[in-house]
Amino acid sequence: MRLELVTGDITTERVDAIVNAANSSLLGGGGVDGAIHRKGGPAILAACRDLRAGAYGGGLPTGQAVATTAGNLPARWVVHTVGPVWHESEDRSSVLQDCYRNSLRVAAELGAASVAFPLISAGVYRWPRADAVSHAVTTIRAEAAHPVTLVRLVLFDEATRNVAEQVLGQG
Ligand code: ADP
């Protein structure tokens, strides 16, 4: 599996599946979630509502992942996952890692060969960026023998990209 760092907007990624840092309601939010729904159009929200009416009546639990259409986006699927909110006195790292692992598993089950991730939990959920990058990279790299052969970690801005380069340089 190849892991690439890119800077930019995940909604423009031409990969089989892009991952959404959703919230457990699955009904949209701010940050990357808002951008995906805005650019992907109403088909994504309709699919999310169907999930809420079916197997995910209580919402999507933190750390889990589920796929929908990608609507008008260049990707084929959106894999929605719910990152943990950063907490100073409670280590929620294993749940953050679950997000990456479960999203890759769901993508592979769909037959996706390429997947793009945002930096899950690093926005509204306040996870420190360097630590978020470190968990993302370590967890993705541990899946080396995965049927998904290309993973892009999409950093939204240059500052986050610089943090990621530093973390990778240390590792
Ligand atoms: P969370 O609630 O999991 O923290 P956010 O969407 O608030 O999710 O932020 C996760 C990361 O995604 C942050 O680093 C944020 O800067 C970034 N981000 C926001 N919009 C986009 C986008 N369109 N493409 C890629 N990354 C984005």
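Residues numbered from 1 in each chain as written. Predicted model: local features only at pLDDT ≥ 70, side-chain atom pairs only at ≥ 80, totals over all residues.

- An unreviewed UniProt entry lists the chain under the name O-acetyl-ADP-ribose deacetylase, with Natronosporangium hydrolyticum given as the organism.

1. Looking at the pairing of strand 4 (residues 77–82)
Okay, so step 1: Most of strand 4 sits out of view: 6 of its 6 residues are buried.
Okay, so step 2: Here strand 4 shows two buried faces, one formed by Trp77, Val79 and Thr81 and the other by Val78, His80 and Val82.
Okay, so step 3: Sheet analysis places strand 2 (residues 17–22) next to strand 4, joined by 6 bridges and oriented parallel. The residue of strand 4 that forms the bridge with Asn20 is His80.
Okay, so step 4: By the bridge criterion, 5 bridges tie strand 3 (residues 65–69) to strand 4 in an arrangement that is antiparallel. Residue pairing for strand 4: Thr68 is matched across the bridge by Val78. (Buried ≥ 20, exposed ≤ 12 C-beta atoms within 10 Å, placed from the backbone. Helix = DSSP H or I, 4+ residues; strand = E, 2+ residues; numbered from the N terminus. Pairing = 2+ DSSP bridges.)

2. Points about the sheet that holds strand 3
Okay, so step 1: On the basis of which strands lie adjacent, the open sheet formed by 6 strands has the order 1-6-5-2-4-3 and mixed pairing. Of all the strands in the sheet, the pair left with one neighbour each is strand 1 (2–7) and strand 3. Here the strands of the sheet are splayed against their neighbours by 25° on average, with no regard to which way each runs.
Okay, so step 2: Where strand 5 (residues 114–117) and strand 6 (residues 150–155) come together, 4 bridges link them in parallel fashion. Note that in strand 6 the partner of Ala116 across the bridge is Arg152.
Okay, so step 3: Together, strand 3 and strand 4 form the strand contacts of helix 2 (residues 42–53), whose direction differs from that of strand 3 by roughly 135°. (Axes fitted to C-alpha atoms, helices over the stretch in contact; angles between N-to-C directions. Contact = placed C-beta atoms within 7 Å.)

3. Quick look at the site of the ligand
Okay, so step 1: Near the ligand you find 20 residues, and of these Ala21, Gly31, Gly123, Tyr125 and Phe156 are the closest.
Okay, so step 2: At 4 residues, the largest contribution of residues to the shell around the ligand is made by helix 1 (residues 31–40). (Near = placed C-beta within 6 Å.)

4. A short note on helix 2
Okay, so step 1: Spanning 12 residues, helix 2 covers 16 Å between terminal C-alpha atoms, matching the ideal 16 Å at 1.5 Å per step.
Okay, so step 2: Those residues of helix 2 that fall on the buried side of the exposure criterion are Ile44, Ala47 and Cys48. Projected down its long axis, helix 2 shows its buried positions confined to an angular sector of 100°, all on one face. Opposite the buried face of helix 2, at more than 90 degrees from it, the exposed residues are Pro42, Ala46 and Ala53.
Okay, so step 3: Looking at the buried residues of helix 2, the elements they touch are helix 1, strand 3 and strand 4. (Expected span 1.5 Å × (residues − 1). Arc of directions from axis to C-beta.)

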